[in-house]
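Breakdown of the fold
If you want the building blocks of each chain, they are given just below.
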Amino acid sequence: QVLLVESGGGVVQAGGSLTLSCSASVSRFSRNVWGWYRQAPGKVRELVATVATDNDQNYAAAVKGRFTIARDNAKREVYLQMNSLKPEDTAQYFCNTPEYHDDSRGRYAWGQGTQVTVSS
């Protein structure tokens, strides 16, 4: 059974930084694309960053230049460094492998996520 465990969230002032971590008990971790998603209250979950098997990274326009995604295949972990945080970044953050034909969906059961709250 795949288990995704996110951590590192918290409350931070606007302009601050946080680093999120995701531990994934996935045997084929190194073969997967990994992504970070977020879901704000009353909004749909959105994909904000992905890192491919060759470490190629892609970002949503809203976070590009402020967030950095990274992976450690040996540890089976994914990270999201978030800088220059804004109140609109407030959301529950999740990691998963995006579905190939619909990246709004994750391949595995969602973890609990980690809450990020940015105060103005």
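Residues numbered from 1 in each chain as written. Predicted model: local features only at pLDDT ≥ 70, side-chain atom pairs only at ≥ 80, totals over all residues. Heavy atoms only, no water.

**A word on the pairing of strand E1 (residues 4–7)**
Where burial is concerned, the two faces of E1 differ: the one with Leu4 and Glu6 is buried and the one with Val5 and Ser7 is not. The pairing of E1 with strand E3 (residues 18–24) spans four bridges and is classified as antiparallel. Across the sheet, Val5 pairs through a bridge with Ser23, a residue of E3. (Buried < 20%, exposed > 50% of the residue type's maximum accessible area, 1.4 Å probe, protein only. Helix = DSSP H or I, 4+ residues; strand = E, 2+ residues; numbered from the N terminus. Pairing = 2+ DSSP bridges.)

**Considering the sheet that holds strand E7 (residues 67–72)**
Taking strand neighbours across the sheet as the criterion, the four strands line up as E1-E3-E8-E7 in an open arrangement whose pairing is antiparallel. Of all strands in the sheet, those bounded by a partner on one side alone are E1 and E7. Averaged over all pairs of adjacent strands, the angle between their axes in this sheet comes to 15 degrees, without regard to strand direction. (Axes fitted to C-alpha atoms, helices over the stretch in contact; angles between N-to-C directions.)

**A few points about unusual backbone geometry**
Although it is not a glycine, Asn55 sits at a positive phi angle of roughly 70 degrees. Within the element layout of this structure, Asn55 appears in the loop between strand E5 (46–51) and strand E6 (57–59). Its relative accessible area of 45% is what places Asn55 among the partly exposed residues. Phi at Ser84 is positive, roughly 50 degrees, even though this residue is not glycine. Counting through the fold element by element, Ser84 comes out in the loop between strand E8 (77–82) and strand E9 (91–96).

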